[in-house]
Amino acid sequence: MSDQRFIIEMGMGNSQYGQDYTKACARAIEDAIRHSSIPMFAALGKDPKEMRVQVTVGVQDPDKVDCEALVAHLPRGKATVKAVFGGMNVTNPDDGNILVIASAAVEAFLPKQV
């Protein structure tokens, strides 16, 4: 049985100091899910544990993202996080500080209903 996507949310986050790619990604994920409310679980008699959550985060240096730390902070479902090349780094010309900007796509799936 295949899964059916029923939610996709997008978000953006940043790390203004310290070039913390994981922090920027965590903020992007939080931005994506902050305004989501999914009353369908109760309406359909489904357990949120049935949900598969697939998160893709984009940053300029995906190898610097701690995906497992991000999974640990997702509130529901069976989650995976994948970091890919994306987002952007912006350098402050006055002090050389690099601002890390991350983007996130959070997708939720349930087993296909027949």
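As shown above, the structure is provided for reference.
First, a word on what this report is: a plain description of the structure on this page. This structure is a prediction, so every number in the text was calculated from the model and none was measured.

## Topic: the overall build of the protein chain
- Helix and strand content of the protein chain: 3 helices and 5 strands.
- Structurally, the protein chain occupies a C-alpha span of about 60 × 25 × 20 Å along its principal axes.
- Among the 114 residues that make up the protein chain, the fraction classed as buried is 32%.
- Across the protein chain, contacts joining residues at least 24 apart in sequence account for 75% of those joining residues at least 6 apart.

## With respect to the side chain of S15
- Secondary-structure assignment places S15 in strand β1 (residues 3-15).
- Within the structure, the side chain of S15 is placed 3.3 Å from the backbone oxygen of Y17, a separation counted as a polar contact.
- Among all residues touching S15, those that are not within four sequence positions of it are D20, K23, A24, R27, I98, L99 and V100.

The rules behind these values
- Counting restarts for each chain, with residues numbered from 1 along the sequence as it is written.
- Per-residue local features are limited, in this predicted model, to residues with pLDDT of at least 70; the limit for side-chain atom pairs, both in listing and counting, is 80 or more; totals at the level of whole chains, interfaces and linings are taken over all residues.
- Side-chain descriptors were evaluated using all non-hydrogen atoms of the structure, hydrogens and water having been removed beforehand.
- Strands here are runs of E lasting at least two residues and helices are runs of H or I lasting at least four, both read from the DSSP assignment and numbered beginning at the N terminus.
- Accessibility here uses a 1.4 Å probe with only protein chains present; expressed as a share of the type maximum, an area under 20% marks a residue as buried, one over 50% as exposed, and anything in between as partly exposed.
- Contacts are residue-level and defined by heavy atoms, with any inter-residue pair within 4.5 Å sufficient.
- In protein, a polar contact requires one atom able to donate a hydrogen and another able to accept it; more generally it is a pair of N or O atoms within 3.5 Å, and residues adjacent in sequence count only if both atoms are side-chain atoms.

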